[in-house]
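Each chain, letter by letter, is given below.
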Amino acid sequence: MSRADAAKLRARLQAWFPDREFFMRSQGQVRFIKVSSRLQMAGAGTVAFVLLIWAVTMVGVAVSQFISQRDRLDLLEREAKIESAESRVATYRENLDETADELNRRQEFIEQSLDGVLDDIKVKGKDTVSDSSKEAAETVKKVSLVIPEAAGLARIEARQLAFVEKLTRYADQRSARAAVAIRKLGLNPDAMMRSSRNAQGGPLELLSTRGDGAIDPRFERMGLSIARMEALEESLQGIPQVLPAAEWSISSGFGYRRDPFTGRGAMHTGLDFRAGYGSPIHAAAKGRISFVGQRAGYGKVVEISHGNGLMTRYAHMSAFRARVGQKVAAGAVIGAIGSSGRSTGPHLHFEVRINDRAVNPRPFLEVAPHVLEEARGNPAVHAAKAAK
């Protein structure tokens, strides 16, 4: 821009923003405020800059929304193509061999994903799982002769059946380990399973593996085995296994003792852990908080339901760190050591109850950690056991 043009622009701006004076009268005195042309231009420039930034921002937001909407529509379109049954049927018709090859790669992916998990299965005792390997091999042979183009699919079906039976054995093996662990802790796994089925429901949705709605018994057997495995292992996680107080200092054991207040013989239904006032109290196992409040003789109490009729009680607290309905993990802090209720000093009274019957918590706390490690198949635990 030349000097002449700059001078013309400056003159035009000064004409738009001439020096202005504002007069003000207060308490009989007249004052005036002068706003210079330069100050007015600076203010106008600031307002224009702010408006420009706002406009650019709004345009950016609009563009971003447009791109996001376009990407979303593109994703939905691609998903619709993937889920289209007609396109899948067309693929089968066009090239049966290519489809079989694709299914084969998928099967290999599944098997490789579980490599090392299923290969080391060693079933002890009588194997109750079927073995379809000979039957499947015969099927592959016949299909290959009668319908050569479907031979690849027949081989994949044979591998699927072998995989299903192998997975069933794996689930049965883990169930057996969990059941042994539960028995070592003095509990009945079958009774725990029955207890877990006492409160169930929901709409009926039958599973099927065939077009007529029927289900292959080998697949049904696998489903039942996996369900039992999950139920037993879930029961194991609800067994007390973590010290409820950081310090292993038991001031009073489970069973008969002399009552500290009356001096007479009485039954003590838990373990007393001596600890400093305000020390944290930990959940002995995963579960759901079923009670928080006061109980006669216990003072401030938190109770945790672990399923299968098993419950732990934590008494004489000074403060709560949990609420009813809350799910807690093993070791979670649920309160603080206190001396509320019928107590002679700061300590935790800890109970384990099965169907509301008090049992000795000590075997659980002492044995459970090792038993659970063994049930999970920890190699170090098995090696140490074998060395003995």
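Residues numbered from 1 in each chain as written. Predicted model: local features only at pLDDT ≥ 70, side-chain atom pairs only at ≥ 80, totals over all residues. Heavy atoms only, no water.

1. Some words on the overall build of the protein chain
- Scanning the protein chain for helices and strands turns up 10 helices and 14 strands.
- Counting every position in the protein chain, which comprises 388 residues, the buried fraction comes to 29%.
- In the protein chain, the proportion of contacts linking residues at least 24 apart, taken out of those at least 6 apart, comes to 63%. (Helix = DSSP H or I, 4+ residues; strand = E, 2+ residues; numbered from the N terminus. Buried < 20%, exposed > 50% of the residue type's maximum accessible area, 1.4 Å probe, protein only. Contact = heavy atoms within 4.5 Å.)

2. Re the packing of helix 6 (residues 151-184) against helix 8 (residues 217-237)
- Running from amino to carboxyl end, helix 6 crosses helix 8 at an angle of 25°, the nearest separation of the two axes being 8 Å. When the interaxial angle is binned, helix 6 and helix 8 end up roughly parallel. The two elements helix 6 and helix 8 cross, and the hand of that crossing is left-handed. Of the residues in helix 8, those touching helix 6 at L161, V164, E165, L167, T168, A171, D172, R174, S175, A178, A181 and I182 are R218, F219, R221, M222, S225, I226, R228, M229, L232, E233, S235 and L236. (Axes fitted to C-alpha atoms, helices over the stretch in contact; angles between N-to-C directions. Parallel < 35°, antiparallel > 145°, perpendicular 65-115°, else oblique. Left-handed = near helix turned anticlockwise from the far one by under 90°.)

3. Remarks on the pairing of strand 8 (residues 287-295)
- In terms of strand pairing, strand 8 meets strand 11 (residues 327-328) through 2 bridges, oriented antiparallel. When the bridges of strand 11 are listed, R288 appears paired with K327.
- Bridging between strand 8 and strand 9 (residues 299-305) involves 7 bridges; their strand directions are antiparallel. Its bridge partner lying in strand 9, V292 is registered against V302.
- Joining the antiparallel neighbours strand 8 and strand 9 is a turn of 3 residues, in which G297 adopts a positive phi near 85°. (Pairing = 2+ DSSP bridges.)

4. So, the nonpolar core
- Formed by 37 residues in total, the largest nonpolar core has its most connected members in L187, I304, Y314, I334, L348 and F350.
- Ranked by size, the runner-up nonpolar core spans 5 residues in total, among them F163, L167, Y170 and M222. (Core = buried A, V, L, I, M, F, W, Y, C linked by side-chain atoms within 4.5 Å.)

5. Let's talk about the pattern of salt bridges
- One pass over the full model with this rule turns up 11 salt bridges.
- Residue E234 pairs with K286 through a salt bridge whose shortest N-O separation is 3.3 Å. Of this pair, E234 sits in helix 8 while K286 sits in the loop between strand 7 (280-282) and strand 8, and the two are 52 residues apart along the sequence.
- Between R313 and E351 there is a salt bridge; the shortest N-O distance is 3.4 Å. Of this pair, R313 sits in strand 10 (residues 310-320) while E351 sits in strand 13 (residues 347-354), and the two are 38 residues apart along the sequence. For the pair shown, R313 and E351 are each scored as buried.
- Several salt bridges share partner residues, and in doing so they unite R295, E303, R313, E351, R353 and D356 into one network. (Salt bridge = Lys/Arg side-chain N within 4 Å of Asp/Glu carboxyl O.)

6. Points about helix 6
- Look at helix 6: 50 Å from first C-alpha to last across 34 residues, which is about the 50 Å you get at 1.5 Å a residue.
- Positive backbone phi, approximately 80°, marks G186, located one or two places after helix 6. (Expected span 1.5 Å × (residues − 1).)

7. Quick notes on the layout of surface pockets
- The space that makes up the second largest pocket amounts to roughly 430 Å³.
- Considering the residues around the second largest pocket, the lining is formed by 23 residues, among which R257, H268, D272, H316 and R342 are closest to the centre.
- Secondary structure elements with two or more residues in the lining of the second largest pocket: strand 3 (250-252), strand 5 (265-268), strand 6 (271-274) and strand 13.
- With 3 residues, the top contributor of residues to the lining of the second largest pocket is strand 5. (1 Å grid on protein atoms, 1.4 Å probe; cavity = no way out; pocket = protein on both sides within 12 Å on 5 of 7 lines; lining within 4 Å. Points joined across faces, edges and corners; volume = space filled by probe spheres on them.)

8. Comments concerning a nonpolar patch on the surface
- A surface patch of nonpolar side chains, amounting to about 300 Å² of accessible area, comprises F49, V50 and I53.
- Examined against the element boundaries, F49 turns out to sit in helix 2 (residues 37-83).
- With relative accessibility at 53%, the residue F49 sits in the exposed group. (Patch = residues over 30% accessible without salt bridge, like charges linked within 9 Å, V, L, I, M, F, W, Y side chains within 5 Å. Areas by Shrake-Rupley, 256 points an atom, 1.4 Å probe, with all protein chains shown as cover.)

9. Looking at the environment of M229
- Turning to its location among the elements, M229 is positioned in helix 8.
- Along the sequence, M229 and R174 sit 55 residues apart, while their C-alpha atoms lie 6.3 Å from each other.
- Non-local contacts of M229, meaning those with residues more than four positions away in its chain, are made with A171, R174 and S175.

10. Remarks on the packing of helix 5 (residues 133-146) against helix 6
- For the pair helix 5 and helix 6, the least separation of the axes is 9 Å and the interaxial angle reads 175°. If you check the angle between helix 5 and helix 6, you find them roughly antiparallel. Within the contact between the two elements, helix 5 uses A136, V140, V143 and S144 and helix 6 uses A151, A154, R155 and A158.
- Of the residues contributing to the contact of helix 5 with helix 6, the split by class is 6 nonpolar, 1 polar and 1 charged. (Nonpolar A, V, L, I, M, F, W, Y, C, P; charged D, E, K, R; others polar.)

Interpretation note: all reported values are geometric properties and have no functional meaning in isolation.
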